[in-house]
Amino acid sequence: MAKVLTLLKTIRNNWKKSMVGAAAFSYGVSYGKQAYDTEQLMRQCCEDVARYGDTSCPTNIKPRHVTVILNSAAKKRKAKKLFQKYCEPLLHLAGISITVIDTQSGSHARNAIMNLETPTDAIIVAGGDGTLSDVVTGLMRKYEHNLHLVRQCPIGVLPLGSTNTIASMFYQRYEDLIDIHHMIDATMAIINNNLKLIDTIEIKLLNNDPENSIKPVYAVGGIEWGAWSDTHACIDKYWYWGSLRKYAAYVFSGYKSKLNWKCNAVMKYTNPCKGCSHCYSKDLSYNQSANSNRRWWHAFLPKRQTLGSDNHVDYSKVMNEDCGLFYEMPISTTELCIKTENVSVQSAPLLKIALGPENISYATFVEKGWKRERDNELPINSILDAKYIELYPETTNEDQMFYIDNEEYELKPIQMKLLPQSVTIFYPGSNS
């Protein structure tokens, strides 16, 4: 008892050192537990994957080979280390050979895909939304006249960026080790060959110079324009706030006039269509799953085309007078969002047009901005559905930007065309 009293007296007399020691001890215990849980999780996954990799491969099927587009600058330059620690070992254990292409910019990723000549069974994106958009853009430009070839090259998405909107849509929620669980889930989806078709948006300039034509950009998430998007893009400038930087950004940016507080434009759009004689294309009915044993580059060889499950519908006889009919509306809002519907099941392929409030107070701006960071939700006043959109901003100030899959682009008049089920991705879950 005397020793206990002496210890308590020592702690009381040296309370500052005691508090520092207690904090260090608590951090050490937490760090040690996290490291142990991570090791056990990886051990279990490696054992499961090793059993998969040890199974014999049929003689008529070659071992799988994937090409990894690694954005080493992502995740505050931790992407490469995370990939090598949590993703690459699982792929190797599964018997999948890997070619890694280290990219430093969006144009580098696009060019790497467009110049890729080595036969590969899949392309793996180790980065965030921007890297994924660049890879899809490279594929679409490479096969712009044969878009069904894009569907034959599945894309894996390893969530190693600061924003991973598309990747996170398919993940379950975890109480701890969230990022590690998501990286493992994404890698296991590639190993298990779980495939899903998603929509993309083709984005072109409306006033494109024929002599210096700019090729289209493709998005898998969507387009954002407004004050909240401007603030979200500059969060990293408040790095000195640490984990609070995404909240500090809205507090200190909410009074700045350089934000897009008034998104004034004229928007023309067409309504969604399930399929009719006006818009039906045989390319959209191509079913890749029927050729799962083939490699995507086999598409260059003669083969029999197989149509999808809805091929029994003769769209040439389906009439829809509203298909292709343009509607026009002026918009004035603090935020415009145009998103694909890659998560929820819709009766027809469509784009969601969401308009925020026309005016907003500083307090509400900060409150809703914080909610966006927590729940990825924005205040929405109205929602429209569309298939094709033309957007004519009233101002084309070079200082104003809009964001395609969280990447900055100069504000200009653009057209957006939905390409339903045009890209195949690996996703955690059963095949669909």
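Up top is the structure these notes are about.
Analysis parameters
- Residue numbers restart at each chain and count upward from 1, following the sequence in its written direction.
- In keeping with the model being predicted, local features are shown solely for residues with a pLDDT of at least 70 and side-chain atom pairs are shown and tallied solely at 80 or more, while totals for entire chains, interfaces and linings include all residues.
- Values shown for side chains rest on all heavy atoms present in the structure; no hydrogens or waters enter the calculation.
- Every axis corresponds to a line fitted to the C-alpha atoms, with the helix fit spanning only the stretch in contact, and the corresponding angles, defined between N-to-C directions, vary from 0 to 180 degrees.
- Helical segments are the DSSP runs of H or I of at least four residues, strand segments are the runs of E of at least two, and each set is numbered from the N terminus.
- For classification purposes, angles smaller than 35 degrees are called roughly parallel, those larger than 145 roughly antiparallel, those between 65 and 115 roughly perpendicular, and all remaining angles oblique.
- Left-handed describes a crossing in which the near helix is turned anticlockwise from the far one by less than a right angle; the clockwise case is right-handed.
- Should any heavy atoms of two residues lie within 4.5 Å, those residues are considered in contact.
- A pair is scored as a salt bridge if a Lys or Arg side-chain nitrogen falls within 4 Å of a carboxyl oxygen belonging to Asp or Glu.
- In this scheme, a residue with accessible area under 20% of its type's maximum is buried, one over 50% is exposed, and one in between is partly exposed, where area comes from a 1.4 Å probe on protein chains only.
- Each polar contact in these results corresponds to two N or O atoms within 3.5 Å; when the atoms are within protein, one needs to be able to donate a hydrogen and the other to accept it, and residues that are neighboring in sequence are counted only if both atoms are side-chain atoms.
- By this definition, two strands are paired if DSSP reports at least two bridges between them.
- For each structure, a 1 Å grid was placed over the protein atoms alone; sets of points admitting a 1.4 Å probe that cannot get out are labelled cavities, open sets with protein on both sides within 12 Å along at least five of seven lines are labelled pockets, and lining residues have an atom within 4 Å of a point.
- Grid points are joined across faces, edges and corners, and a volume is the space filled by probe spheres set on the points.
- As a working rule, the residues Ala, Val, Leu, Ile, Met, Phe, Trp, Tyr, Cys and Pro are called nonpolar, Asp, Glu, Lys and Arg charged, and the rest polar, with Gly in that last group.

## Focus: the packing of helix H4 (residues 79-93) against helix H9 (residues 178-192)
H9 packs onto H4 with a crossing angle of 30 degrees between their chain directions and a minimal axis gap of 9 Å. One element, H4, and the other, H9, form an angle in the roughly parallel class. Crossing geometry of H4 relative to H9 is assigned as right-handed. Together, Leu-82, Tyr-86, Cys-87, Leu-90 and Leu-91 of H4 and Ile-180, Met-183, Ile-184, Thr-187, Ile-190 and Ile-191 of H9 make up the contact between the two elements.

## Digging into the pattern of salt bridges
Taken as a whole and assessed by the stated rule, the structure comprises 11 salt bridges. Close ionic contact of Arg-245 with Asp-236 constitutes a salt bridge, the shortest N to O distance being 3.7 Å. On the accessibility criterion, Asp-236 (52% relative accessible area) is exposed. Of the charged contacts in the structure, one is a salt bridge between Lys-352 and Asp-385, with a shortest N-O distance of 3.0 Å. Of this pair, Lys-352 sits in strand S11 (residues 351-355) while Asp-385 sits in strand S12 (residues 382-386); the two residues are 33 residues apart in sequence, bridging distant segments of the chain. Using a relative accessible area of 28% as the deciding quantity, one classes Asp-385 as partly exposed.

## Side note on the side chain of Asp-121
Positionally, Asp-121 belongs in the loop between helix H5 (106-114) and strand S3 (122-127). The class of Asp-121 is buried, set by a relative accessible area of 14%. Looking at Asp-121, its side chain comes within polar contact range of the main-chain nitrogen of His-65, at 2.7 Å.

## A few points about the sheet that holds strand S15 (residues 407-410)
Taken together, six strands build an open sheet; the order of strands is S12-S11-S10-S7-S14-S15 and the sheet is antiparallel. Where the open sheet ends on each side, the last strands, each with one partner, are S12 and S15. The average angle at which neighbouring strand axes cross in this sheet is 20 degrees, direction not considered. Sheet topology places strand S7 (residues 222-226) next to strand S10 (residues 335-340); five bridges connect them, and they run antiparallel. Looking at the pairing, Ile-223 lines up with Ile-338 of S10.

## Points about empty space enclosed by the protein
Summed over the entire model, instances satisfying the criterion amount to two cavities of 30 Å³ or more. Computed from the structure, the largest cavity encloses a volume of approximately 60 Å³. Considering the residues around the largest cavity, the lining is formed by 13 residues, among which Val-157, Ala-167, Tyr-171, Phe-426 and Tyr-427 are closest to the centre. Among the elements of the structure, strand S4 (155-159), helix H8 (165-168), H9 and strand S16 (414-426) are those that each provide at least two residues to the lining of the largest cavity. Examining the composition of the lining of the largest cavity, we find that three residues originate from one element, H9, more than from any other. Grouping the amino acids of the lining of the largest cavity by side-chain chemistry returns 12 nonpolar, one polar and no charged. If you add up the space inside the second largest cavity, you get close to 40 Å³.

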